[in-house]
Structure formats: C-alpha cells, structure tokens
Amino acid sequence: MLEALKQEVCDQNHELPRAGLVVGSGGNVSGRDPESGLVVIKPSGVKFAKLTPDTMVVVDLDGNVVEGTLRPSVDTGIHLYLYRHRPDIAGIAHTHSPYATSFAARGERIPAVLTPITHMIGRDVPCSRYATPGEVDTGAAILEAAAGGYAALVRAHGVFTMGKSAAEATAIAMYLEEAAKTTHLAMLRGPVEELSQQEIDRCYAWFRQNYGQSGSKPVSS
Ligand SMILES: [Zn+2]
C-alpha cells in the first residue's frame, strides 16, 4: 500500500545524509497520505544506506503499525502529534544538523537575516522551550514555538520542519541549515540586521508566486 508515498519518504530520508544534515541513523522524514490519513515513516535504528521503500513503516495517527516489519522511528509519536494538530501539513523532517542545532543548544532562535530561508518559511526560525523527550511535551513545544509556521528548533535537541509534502519539509531542513551556518558566520563578525516582517512578507509572497514551474509568472533570472 501507499507505494508512491513510501518511495518519496525513502528518497527524502536518503537526502538527509547526502546533505550532511545527519549522522548514523539519527534524523528522520515522514509523509502523510491525504486520502487515508496514514503516515509513512523511517524505521527505528536503521542506517540510511540500508533504507528502501519496503523498509518504510506505515502507521495510523494513533501509532498503530498498519504495514511494515520493522519498528517505526523513536520519534514517530512526535510526528503523529504534529500531524494530529496540523491538518495543513503532509510532511515532516527532523535532524540534528549542526549549525541550526548550535542555536538550539543556546536556546536561541535563528534571526531572519537571509532571504533564501525567509522566502520559504516567512519568518525567523523560533526556538522552543526545553521539552522532555517524548511525544506529548516535545510535540507541544514544537507547536507552540512554530505558531502555525513550518519550522522550529527544539531547545537542547534539534530541528523539526514541516511542509505540504515530505519533499518540502526536507527542502526546508536543508535551506534552514544553510541559513543557520551563514548567519552564524556573519554573527562572528558583528551584529546582524534583521529583515523587517513587512519585507519578509513581501519576499514570501513573491517566492510563492514565482518559484518553480507552476508559478503564475516566470522568474526572469
Ligand atoms: Zn532527534
């Protein structure tokens, strides 16, 4: 069942080590099937190189395994908590990517100083309060911090990104890490000036209209 979604979620999990966002078997991507509401997620403790679509685990929103022979990711409860509370999302990525997580280690948000990431998420990257590991407290902390947005750092832990698909959530995780790295480097040389929310809103709308092949106007450059 859900062969196309298992392929997509598997492919997006492979993107995490390729982009240098994870080590070992840490980090995970999931996707939700809009028709059935079922979620496809990475199995627990399996190295990324070993992942195939058939090793993906299908779970319902209560965490019952519907298909798959392996146990789902240890973070499955957090993903399901987010899906239950955010009907607008169909993909989640979780990493401990080092530059972004260095902000989380300090309990700091990533300020909105670069347009490539604000284009995608329309704001800074907030950092949550400290959350006890596990579904309810971590899920609640992410929801509070994200405040309807698509990304949040979890204090003392890592990065959670959300999107309309597994691919979108993974793309946000990649651009977020790039922005965290560049912002960190810039901050070493002195204070940085944050973009105004008005300018962020303008860029976000422009990007939505023009990016990719389905925008209403072609990008000129
Ligand atoms: Zn984690």
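Residues numbered from 1 in each chain as written. Predicted model: local features only at pLDDT ≥ 70, side-chain atom pairs only at ≥ 80, totals over all residues.

1. Thoughts on the nonpolar core
Quick reminder of the rule: To define a nonpolar core, we join buried Ala, Val, Leu, Ile, Met, Phe, Trp, Tyr and Cys residues through C-beta atoms within 7 Å and take the resulting set. Residues with at least 20 neighbouring C-beta atoms inside 10 Å of their own are called buried, those with 12 or fewer are called exposed, and the rest are partly exposed, where every C-beta is derived from the backbone. Secondary structure follows DSSP: runs of H or I at least 4 residues long count as helices, runs of E at least 2 residues long count as strands, and numbering of each begins at the N terminus. Two residues form a contact once the distance between their C-beta atoms, set from the backbone, is within 7 Å.
Of all hydrophobic cores here, the largest spans 56 residues; its most connected members are Leu-153, Ile-172 and Leu-176. Tallying contributions element by element places helix α6 (residues 166–188) first for this core, with 9 residues. Each residue touching Leu-153, except ones within four places of it in the same chain, is listed here: Ala-100, Phe-103, Ala-104, Val-125, Cys-127, Ser-128 and Val-159.

2. Examining the sheet that holds strand β3 (residues 57–59)
Where strands meet in a sheet, backbone hydrogen bonds hold them as pairs that are either parallel or antiparallel. Worth spelling out the cut-off: If DSSP finds at least two bridges between two strands, the strands pair. Convention adopted: a line fitted to C-alpha atoms gives each axis, helices being fitted over their contacting stretch, and angles between N-to-C directions are expressed from 0 to 180 degrees.
In spatial order, the strands read β4-β3-β2-β1-β5-β8-β7-β6; together these 8 strands make up an open sheet with mixed pairing. Every interior strand has two partners, whereas the edge strands, β4 (65–67) and β6 (127–130), have only one. Across the sheet, the mean angle separating the axes of adjacent strands is 25° when strand polarity is ignored. Two elements, strand β5 (residues 91–95) and strand β8 (residues 158–163), share 5 bridges in a ladder whose sense is antiparallel. By the bridge assignment, Gly-91 is partnered in β8 with Gly-163. Helix α3 (residues 98–105) contacts β6, β7 (151–155) and β8 of the sheet and is inclined by roughly 55° relative to β7. Contacts between helix α5 (residues 135–146) and the sheet are confined to β6, β7 and β8, with β7 contributing the most and set at about 130° to the helix.

3. Here's the deal with the environment of Val-57
Structurally, the position occupied by Val-57 is in strand β3. The spacing of Val-57 and Pro-191 is 134 residues in sequence and 45 Å in space, taken between C-alpha atoms. Not counting residues up to four positions away in its chain, the partners in contact with Val-57 are Ile-41, Pro-43, Val-65, Gly-68, Leu-70 and Pro-72.

4. Side note on the packing of helix α1 (residues 3–18) against α6
Pairs of packed helices are described in terms of their axes, by the angle between the two and the distance that separates them. Quick reminder of the rule: Angles below 35 degrees are treated as roughly parallel, those above 145 as roughly antiparallel, those between 65 and 115 as roughly perpendicular, and all remaining angles as oblique. Classification used: nonpolar for Ala, Val, Leu, Ile, Met, Phe, Trp, Tyr, Cys and Pro, charged for Asp, Glu, Lys and Arg, polar for all others including Gly.
Running from N to C, α1 and α6 cross one another at 10°; their axes reach a closest spacing of 9 Å. Classified by the interaxial angle, the pair formed by α1 and α6 is roughly parallel. Each of Glu-8, Val-9, Gln-12 and Glu-15 in α1 lies in contact with α6, whose residues at this interface are Ala-166, Ala-167 and Thr-170. Grouping the amino acids of the contact of α1 with α6 by side-chain chemistry returns 3 nonpolar, 2 polar and 2 charged.

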